Number of protein chains: 2
Amino acid sequence: MAAVRRPTVRDIARHAGVSVATVSRVTSDDPRVRAETRARVQASIDAHGYTPSSLGLGLARRRHQALGVVLPGLGGPYFAELLRGVESVAAAHDTAVTVLGAHLRPDVAGAVERLARRTDALVVQAGTVDDAVLAAVADEVAVVVLAGSPQHPTTVRTDGESACRDVTAHLVDVHGHRRLRFVGLPPGAPEPAQRHRGFRRALSERGLVESGPPLSVGLEAVDGAAAARDLRASGDVPDALVCANDEIAFGLLATLPGLGYDVPHDVAIVGFDDNALAALAAPRLTTVHQPTAELGATAARLALAAASGEEEPTTDHVLPTRTVVRESCGCSPAPGARR
Amino acid sequence: MAAVRRPTVRDIARHAGVSVATVSRVTSDDPRVRAETRARVQASIDAHGYTPSSLGLGLARRRHQALGVVLPGLGGPYFAELLRGVESVAAAHDTAVTVLGAHLRPDVAGAVERLARRTDALVVQAGTVDDAVLAAVADEVAVVVLAGSPQHPTTVRTDGESACRDVTAHLVDVHGHRRLRFVGLPPGAPEPAQRHRGFRRALSERGLVESGPPLSVGLEAVDGAAAARDLRASGDVPDALVCANDEIAFGLLATLPGLGYDVPHDVAIVGFDDNALAALAAPRLTTVHQPTAELGATAARLALAAASGEEEPTTDHVLPTRTVVRESCGCSPAPGARR
DNA sequence: TCGGTGGATGTAACCGGTTACATACCCTAC
DNA sequence: GTAGGGTATGTAACCGGTTACATCCACCGA
């Protein structure tokens, strides 16, 4: 492990009989090198297995060539998909991605500050870290907030409120459900809060109120399972459950039938995200599709652009969503659809 | 964003009327500074909001103060838990963690090589990257392989083969199941392959053979759901399904009941990992507990130790597992247990 | 009085790259 | 023959830290 000292520019320069400047020009594809010289230098580079030190390079260029991503946790298909979008853009910019799972860290603020010191730009999921910390960090690196609110300079998001209002309206208007409850509302997370607002708006527009406070304070499958058991224990299962995301809905789907409740007959369920499992679980999940990978890609693109000094004006990017009606709401399968 | 130039050691030195050496001594807690001087320097540091550049520091110390982690993907509670273990150790060593989702990257080999250049040590999940690449990278950074095989220098793992053999034995010996199938066997991943071997060993020891080839080639919930639908389509549902991990089992649990199959009455299911959902889904999941966070923590500890030059001898660390019998295998709930 | 000792601080080299500017050379045009 | 211009390459400073070694000073004992 790291037994031999890695070769440096000076080693290559000496071996190839040129100056360090020429070596540097070769490694950074500067055209001002005679073809013959370039070949000789390249040969030395290959012979020694030389690769420029990222530290030296970063110091000289005053650039880390790295993008930081702050997410609440690292579990769940939603974040995996988001990261896929981020990675694809980062790879195209030859930039490393450093992810920070905020919930895994005892001292989030400190961790974010340290992260800012070793990256050029940050993509931060709203609600993972104090706005004060974000502001403090914003004059060191470019910051893009995912699902941010108007007070953040640059944000990328979807309109969760309208989307959740629409899917809730479907449950009431098409299926006639009157007793609905929301599942998944962690304190401090703006995105579930938005969806919950949309849920309540749909109800109040129809003269209804939610038939109980939101269930569960987490966003993972395990929280859906816990909610299902709480519901069963209370003996009061509503007509329909509107979930803050698909993960929670799966937790319900993996628990309610075993507890004796048929979905959607005894209780209808809708999710949010439209991840891969939504189209395969049984019943297939009615949900709101959002372009998750694009959210990540857009955020990464904006962050990297800002880091290269392209002073993008303060912007709020809203990507489109689409309600996907399947069977967990009570609809029959579309003719020809795979059950 | 990055509008003002950050202060450097020389700025602080000038302002405090001392030399750079003294400033450096203060920031690195060197005791050879008079208390009074230290206070003066600290005041300047605070006044300017100075924090040492990680690049300059890294260059001088020849240390990145970063740990790389290579995992297949970033989804799923298993990896989240693993990372929690890694992060806790890294935080204690004041070290940043950079995760690489191998499946998110088109060019894994290149990505790993670049990662190696900006970290001091690598924790790599076996099967995510070619052993040749690993070997090439191993003389630049310390490498610890998770779930690795004997050919890797340092590995941390559990004995998945014995564990899976035991839980399969339970299905046959206690519940009398004869027709069993395995679910989840991605090509190239050694861990599921080990578990599959244990499964087959249990069967052959009892004069049985698996009643069909392994179902599904993925390890996520969606693969379990797909397997459930394939099984339904084939019309041939076995007595029991042994899953490579809990995630797959949940995919089954969120799909089979909706397809008309009761678990465990029509088909028994067992998982592997014992993640949080296992104890809450219905029926609760019979599975193999493994100390996931500890696996990550141990790997991180070994990697960091090796990076600091502590030439740990080649080692193979095997952490213990434990079969957890609940109800998805067909057992009745233990008296007093929460259903 | 003076050499010796130890503690606090400063000087300058070094880590491994990039790059502004200088230089050397060749070719062309007057 | 030489001024002028373009091209290929080299020199040395710089990026922002750390640290070996030198220096300075106060205090000690002989």
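Keep in mind that what you see is a predicted model, and the values were worked out from it rather than measured. (Residues numbered from 1 in each chain as written. Chains lettered and ligands numbered in written order. Predicted model: local features only at pLDDT ≥ 70, side-chain atom pairs only at ≥ 80, totals over all residues. Heavy atoms only, no water.)

Trainee: Report on the relation of the copies chain A and chain B, specifying residues and quantitative values.
Mentor: Mapping chain A onto chain B leaves a residual RMSD of 0.1 Å; the transformation is a rotation of 180 degrees accompanied by 0.0 Å of translation along its axis. Each copy turns onto its partner about a two-fold axis. A shared interface surface links the copies, since 100% of the contact residues of chain A are contact residues in chain B too. (Least-squares fit on C-alpha atoms with pLDDT ≥ 70 in both. Contact = heavy atoms within 4.5 Å.)

Trainee: Tell me about the sheet that holds strand β5 (residues 155-158) of chain B, and name the residues and values.
Mentor: Residue and element names in this part refer to chain B. Ordered by their spatial adjacency, six strands build an open sheet running β2-β1-β3-β4-β5-β10, and the pairing between neighbours is parallel. Each edge of the open sheet carries a strand with a single partner, namely β2 (96-101) and β10 (316-319). Between one strand axis and the next, the sheet turns by 20 degrees as a mean value, whatever way the strands run. The pairing of strand β3 (residues 121-125) with strand β4 (residues 142-146) spans five bridges and is parallel. Directly across from Gln125, in β4, lies its bridge partner Leu146. (Pairing = 2+ DSSP bridges. Helix = DSSP H or I, 4+ residues; strand = E, 2+ residues; numbered from the N terminus. Axes fitted to C-alpha atoms, helices over the stretch in contact; angles between N-to-C directions.)

Trainee: Could you give an account of the protein's contact with DNA strand D, with specific residues and numbers?
Mentor: Residues in contact with DNA strand D amount to 31 residues; listed here are only the nearest, Ser19 and Thr37 of chain A together with Val9, Arg10 and Ser24 of chain B. Between DNA strand D and Arg10 of chain B there is a distance of 2.5 Å, counted from a base nitrogen to a side-chain nitrogen or oxygen. Tyr50 of chain B places a side-chain nitrogen or oxygen 3.1 Å from a sugar or linking oxygen of DNA strand D. The residue inventory of the surface near DNA strand D, partitioned by class, reads 14 nonpolar, 10 polar and seven charged. (Near = heavy atom within 4 Å. Polar contact = N/O pair within 3.5 Å; in protein donor to acceptor, adjacent residues only side chain to side chain. Nonpolar A, V, L, I, M, F, W, Y, C, P; charged D, E, K, R; others polar.)

Trainee: Describe the nonpolar core, and please don't skip the residues or the numbers.
Mentor: One finds Leu256 and Ile269 of chain A together with Ile269 of chain B to be the most contacted residues of the largest nonpolar core, which totals 95 residues. Contacts of Leu256 of chain A, omitting those with residues within four sequence positions, involve Ala228, Leu241, Tyr261, Val263, Val267 and Ile269 of chain A. Membership of the second largest hydrophobic core comes to 58 residues, among which are Val123 of chain A together with Val86, Leu295 and Ala297 of chain B. (Core = buried A, V, L, I, M, F, W, Y, C linked by side-chain atoms within 4.5 Å. Buried < 20%, exposed > 50% of the residue type's maximum accessible area, 1.4 Å probe, protein only.)

Trainee: Give me empty space enclosed by the protein: which residues, what numbers.
Mentor: Inspection of every chain in the model, using the stated rule, returns four cavities of 30 Å³ or more. Taken together, 15 residues make up the lining of the largest cavity; nearest its centre are His64 and Arg118 of chain A together with Leu55, His64 and Arg118 of chain B. Of all the secondary-structure elements, those providing two or more residues to the lining of the largest cavity are α4 (54-61) of chain A together with α4 (54-61) and β2 of chain B. Counting residues per element, the lining of the largest cavity draws most heavily on α4 of chain B, at three residues. (1 Å grid on protein atoms, 1.4 Å probe; cavity = no way out; pocket = protein on both sides within 12 Å on 5 of 7 lines; lining within 4 Å. Points joined across faces, edges and corners; volume = space filled by probe spheres on them.)

Trainee: Explain helix α11 (residues 246-253) of chain B residue by residue, including any values.
Mentor: Residue and element names in this part refer to chain B. Most of α11 sits inside the fold, with eight of its eight residues counted as buried. Buried within α11 are the following residues: Asp246, Glu247, Ile248, Ala249, Phe250, Gly251, Leu252 and Leu253. Of the residues that open α11, the one with a side-chain oxygen 3.3 Å from the backbone nitrogen of Glu247 is Asn245.

These results come straight from atomic positions and should not be treated as a statement about function.
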